[in-house]
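# Tertiary structure, described
Take a look at the letters that make up each chain.
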Amino acid sequence: MTSVEMLAKNPGASFLANAQASLTKAAQALNLDPNIFALLRTNSRSLIVSLPVEMDDGHVEVFTGYRVQHTTARGPAKGGIRYHPSVSLEEVSALAQLMTWKCSLVNVPFSGGKGGIAVDPRRLSENELRRMTRRYTYAISPIIGPNIDIPAPDMNTNERTMSWISDTYAIIKGESNSEIVTGKPVSLGGSLGRIDATGLGVAISVKEVLKRAGKPMEECTVAVQGFGNVGTWSARHIAEMGAKIVAVSDISGGYYNPDGLDIEAMADYVKQSKTRTLEGYSTPGLSTITNEELLELPCDVLVPAAMENQITEANADRIQAKFIVEGANGPTTPEADAILQEHGIIVVPDILANAGGVVVSYFEWVQGREGFYWTVDEVRTRLHHFMEVAFDDMYTFGQHRNVPLRQSAMMLAVQRVADAVALRGIFP
Ligand code: GLU
């Protein structure tokens, strides 16, 4: 079966297989101890919960929720919670593993976790979402905690969701515990600069890769797939750094103008639109395209910032961008990666490019523990530092070993986790 056929069958399973393939490749290159490899291939804890929720009309719907902790070798598990119909144990497992490598690569003292509920949140009212979130928090509360596993936002969850999680956990424990979750609103102990952190990290990654290729930002055109939190903030920060955003897309389709788009106007449009999408947006010079067409546009940089498995062997051949900076988790399949490499396209991998979110989540956790909060300038300066050091580690290691950036990122990340496992030893 080709990976395209596998995708159609069970997207989560193929995503997990891809994550495992990437670990295996790094482990082989590192000559990793087979015992440690066996341990890192599996999740240390997976919880599946059933969530009965009373809907507004009085009937009860039962949703399935998940929380997976890949390892706790380098610190508590850390990772977002996703609300999407595609959520499955396999998808959440792959995402938890990616979080382990991401936290390791940017050197924050966390390991990987991830959670989610299989639901289309657009179908639910605000009250239904709140009841579902509280029930989910209650159900996973035995295995989360500020020193155990710290959730955060991911696809279709946000500050509002984190407020409900924080409040529910505080009620269960009988005490306020602001470090239980990150991505909270600033008024509930969140960090300044968290909301746009992933997008800023993507923009810093674009800047770093272009700098090394000797290309000024001002001369580059960029297409961004996805216009949620990551896509919107990536586009804003990339435009602010001088590059021209020529295309963006969301579930309603793609919007292209080779002369450049007005990202602020588009973000405002989404805010006031009934569907919370770009549907119906139009300005002079704008063409509407499909999400697939956006990936294949002539541009310098492509930022996939939507879902996993977007660049596959079915379309990799047609990609014209010279650089791909992965805002989403797992947007490129291994087969596609090989094709891109053959074409000389440089890929900045997800575990580096979208790590800005978890870096500022770490800052939020630290600030919550201290009870002392930083200015937005302090947050941004420190985020730049973490991202630039990690980029440099990855780039330099890749040059020494003569391997592409994804492989060097994985080798560095896996080695650090393997060292931690070896130092701890196997219990008992
Ligand atoms: N969901 C984000 C990610 O995939 C952020 C996770 C976090 O801050 O813990 O990196």
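Source: prediction; values computed, not measured.

## Concerning the pairing of strand 2 (residues 60–69)
Note: strand 1 (residues 45–54) against strand 2, ten bridges, orientation antiparallel. Each residue of the ladder has a partner; that of Ser50, found in strand 2, is Thr64. Both strand 2 and strand 4 (residues 111–118) contribute to a ladder of five bridges, which runs antiparallel. Its bridge partner lying in strand 4, Tyr66 is registered against Gly116.

## Describing the pairing of strand 8 (residues 253–256)
Each regular strand carries side chains that alternate between the two faces of the sheet. When strand 7 (residues 244–250) meets strand 8, the two strands line up antiparallel, connected through four bridges. Within strand 8, the position partnered with Asp250 by the bridge is Gly253. The hairpin formed by strand 7 and strand 8 contains two residues between the paired strands. In the sheet, strand 8 pairs with strand 9 (residues 287–289) via three bridges, with the strands oriented antiparallel. Directly across from Tyr256, in strand 9, lies its bridge partner Ser287.

## A word on the site of the ligand
Around the ligand, a shell composed of 14 residues is seen, among which Lys78, Lys102, Pro153, Asp154 and Ser361 lie nearest. Lys102 places a side-chain nitrogen or oxygen 2.6 Å from an oxygen atom of the ligand. Measuring from an oxygen atom of the ligand, one finds a side-chain N or O atom of Asn329 at 3.1 Å. Protein contact buries 94% of the 290 Å² of open area that the ligand shows by itself. Looking at the shell around the ligand, the elements that each hand over two or more residues are strand 3 (77–84), helix 4 (89–105), strand 5 (149–153) and helix 13 (356–370). Residue classes in the shell around the ligand are distributed as four nonpolar, five polar and five charged.

Quick notes on the rules
Residues numbered from 1 in each chain as written. Predicted model: local features only at pLDDT ≥ 70, side-chain atom pairs only at ≥ 80, totals over all residues. Heavy atoms only, no water. Pairing = 2+ DSSP bridges. Helix = DSSP H or I, 4+ residues; strand = E, 2+ residues; numbered from the N terminus. Near = heavy atom within 4 Å. Polar contact = N/O pair within 3.5 Å; in protein donor to acceptor, adjacent residues only side chain to side chain. Areas by Shrake-Rupley, 256 points an atom, 1.4 Å probe, with all protein chains shown as cover. Nonpolar A, V, L, I, M, F, W, Y, C, P; charged D, E, K, R; others polar.

Read these as layout, nothing more, since geometry by itself doesn't imply function.
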